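A structural walkthrough
Residues per chain, in single letters:
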Amino acid sequence: MSVDSAVAIETGEVTLAADLVVPDGARGVVLFAHGSGSSRHSPRNRMVAERLHQQRFATVLADLLTDREEQRDAQTAAFRFDIDLLAERMTAIVEWAAGTEPIRRLPIGVFGASTGAAAALVAAAARPSLVRAVVSRGGRPDLAEDALGRVRAPTLLIVGERDQV
């Protein structure tokens, strides 16, 4: 039975909003870590999620910031490069997925964009027994430099053709 629902993920002091989609016969779950200035409503990430659903992957599109934090960040950029905070929340989302029906038995992959890629990599390093794959789309893996050597999951870094670095 297919699942498509809004969920709330407790991460200690805050509750994060997320959208969970589990297609029939799901063979894995992909947790999205959005970049600065983005949200679970990002058209790009929703398009990627839809393609994953077609291949029978469940998805969790979660906001790493609360609405209040997002508003403050839009004005001050206070949170967008707080990789420790973003990674702590991404790690909590990984733990949540590992313990939540109907996805708890599915292999977990993380997909990060922009600064969300750093959060995804740090979460993969923090929970190597849970995270089975990492994808960084146009991400900032450099912001996770201290954790990179501890990432054990296969990792795909997708960059633009004009990204000389």
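Preceding this section is the structure that the text describes.
Residues numbered from 1 in each chain as written. Predicted model: local features only at pLDDT ≥ 70, side-chain atom pairs only at ≥ 80, totals over all residues. Heavy atoms only, no water.

1. A word on the sheet that holds strand S2 (residues 15-22)
The mixed open sheet is built from seven strands, whose spatial order is S1-S2-S4-S3-S5-S6-S7. Bordering the open sheet on either side are strand S1 (3-10) and strand S7 (155-158), each of which pairs with just one other strand. Taken over all neighbouring pairs, the strand axes of this sheet differ in orientation by 20° on average, direction set aside. Strand direction decides the pairing type here: strand S3 (residues 29-33) and strand S5 (residues 108-113), joined by five bridges, are parallel. Within S5, the position partnered with Val 29 by the bridge is Ile 108. (Pairing = 2+ DSSP bridges. Helix = DSSP H or I, 4+ residues; strand = E, 2+ residues; numbered from the N terminus. Axes fitted to C-alpha atoms, helices over the stretch in contact; angles between N-to-C directions.)

2. Concerning helix H1 (residues 43-54)
Compared with the 16 Å implied by 1.5 Å per residue over 12 residues, the 17 Å span of H1 between its first and last C-alpha is a close match. Turning to H1, its buried residues are Asn 45, Val 48, Ala 49, Leu 52 and His 53. For H1, the angular spread of the buried residues around the axis is 145°, confining them to a single face. Residues of H1 that are exposed and point more than 90 degrees away from the buried face comprise Pro 43, Arg 44, Arg 51 and Gln 54. On the buried face of H1, the contacting elements are S2, S3, strand S4 (58-62), S5 and strand S6 (131-137). (Expected span 1.5 Å × (residues − 1). Buried < 20%, exposed > 50% of the residue type's maximum accessible area, 1.4 Å probe, protein only. Arc of directions from axis to C-beta. Contact = heavy atoms within 4.5 Å.)

3. Description of the nonpolar core
Counting residues in hydrophobic clusters, the biggest one holds 42 residues, and the most contacted among them are Leu 31, Val 60, Met 90 and Ile 103. Residue assignment for this core shows that the elements contributing at least two residues are S1, S2, S3, S4, helix H3 (83-98), S5, helix H4 (115-126) and S6. With residues near it in sequence (within four places) discarded, Ile 103 still touches Leu 20, Val 22, Val 29, Ala 58, Val 60, Trp 96 and Ala 97. Ranked by size, the runner-up nonpolar core spans seven residues in total, among them Phe 32, Val 48, Ala 49 and Leu 52. (Core = buried A, V, L, I, M, F, W, Y, C linked by side-chain atoms within 4.5 Å.)

4. Quick word on the packing of aromatic side chains
For the coordinates displayed, the defined rule picks out one aromatic pair. Plain terms: the ring middles of Phe 32 and Phe 111 are 4.9 Å apart, the flat faces sit at 45° to each other, and that makes the pair tilted. Of the two residues, Phe 32 is situated in strand S3 and Phe 111 in strand S5; the sequence distance between them amounts to 79 residues. In this structure Phe 111 comes out as buried when scored by relative accessible area, which is 8%. (Phe/Tyr/Trp six-rings, centres within 6.5 Å; stacked < 30°, edge-to-face > 60°.)

5. Remarks on the environment of Arg 56
As for its position among the elements, Arg 56 is in the loop between H1 and S4. In this structure Arg 56 comes out as partly exposed when scored by relative accessible area, which is 42%. For the pair Arg 56 and Gly 138, spaced 82 residues apart in sequence, the C-alpha separation works out to 24 Å. The residues contacting Arg 56, other than those within four sequence positions of it, are Pro 23, Asp 24, Gly 25, Ala 26, Arg 27 and Gly 28. Within polar-contact distance, the side chain of Arg 56 engages the backbone oxygen of Gly 25 at 3.3 Å. (Polar contact = N/O pair within 3.5 Å; in protein donor to acceptor, adjacent residues only side chain to side chain.)

6. Remarks on the pairing of S5
Of all six residues in S5, six are buried; the element is thus mostly enclosed. Of the two faces of S5, the one carrying Ile 108, Val 110 and Gly 112 and the one carrying Gly 109, Phe 111 and Ala 113 are both buried. Chirality of the crossover, the property in question, places the unit of S5, H4 and S6 among those that are right-handed. (Right-handed = clockwise from strand over helix to strand, strands pointing away.)

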